[in-house]
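Residue strings, one per chain:
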Amino acid sequence: MKLVIAVIKPFKLDEVREQLNALGVSGMTVTEVKGYGRQKGQTEIYRGAEYSTNMVPKVKVEVVCSDDLAARVVETVQHAANTGAIGDGKIFVLDVGQAVRIRTGETDETAL
């Protein structure tokens with residue numbers, strides 16, 4: 001099993017979710033996050049005063065899937081989240097050692 005973590009622009013979440021559902025992904029975890037990379041923050045206006053922040057709002061999408069589906073999940077997220085502009089995000093793929101469904105006790109891929 002693989003854990004695919006994608007950090008994307010917030011307005012691309014619906015498109016990513018729809019395309020992953022069409023791919024057959026049965027669930028995901030979404031978290032609102034802030035961070036920075038090459039984008040180096042942004043300038044905002046709050047109550048008429050302009051200030052600079054070094055943290056950019058993003059959305060982190062986490063999907064656990066079978067090994068054979070992981071490459072298609074990465075490709076789907078990359079395609080759906082791409083705007084061609086700086087700050088589109090990153091995708092990370094990690095190995096998952098074990099998964100357990102709490103309610104039934106099912107393990108590994110049957111728990112997904």
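- Going by the annotation in an unreviewed UniProt entry, the name recorded for the chain is Nitrogen regulatory protein P-II, with Sphingomonas jinjuensis given as the source organism.
- Recorded in UniProt under Subunit (unreviewed entry), the annotation for the chain is "Homotrimer."

### Things to note about the layout of surface pockets
Point 1. As a volume, the largest pocket reaches approximately 310 Å³.
Point 2. The set of elements that each furnish at least two residues to the lining of the largest pocket consists of β2 (29-35), β5 (56-65) and β6 (89-95).
Point 3. Looking at which element gives the most residues to the lining of the largest pocket, the answer is β2, with three residues.
Point 4. Looking at side-chain class alone, the lining of the largest pocket contains five nonpolar, five polar and five charged residues.
Point 5. Here the second largest pocket is characterised by a volume of approximately 270 Å³.
Point 6. Looking at the second largest pocket, it is lined by 15 residues, and the ones nearest its centre are S26, G27, V63, V64 and L112.
Point 7. In terms of residues, the lining of the second largest pocket owes the most to one element, β5, which gives four residues.
Point 8. Along the lines of polarity and charge, the residues of the lining of the second largest pocket split into eight nonpolar, five polar and two charged.

Basis of the calculations
Residues numbered from 1 in each chain as written. Predicted model: local features only at pLDDT ≥ 70, side-chain atom pairs only at ≥ 80, totals over all residues. Heavy atoms only, no water. UniProt positions renumbered as here; feature names shortened; annotations may be inferred. 1 Å grid on protein atoms, 1.4 Å probe; cavity = no way out; pocket = protein on both sides within 12 Å on 5 of 7 lines; lining within 4 Å. Points joined across faces, edges and corners; volume = space filled by probe spheres on them. Helix = DSSP H or I, 4+ residues; strand = E, 2+ residues; numbered from the N terminus. Nonpolar A, V, L, I, M, F, W, Y, C, P; charged D, E, K, R; others polar.

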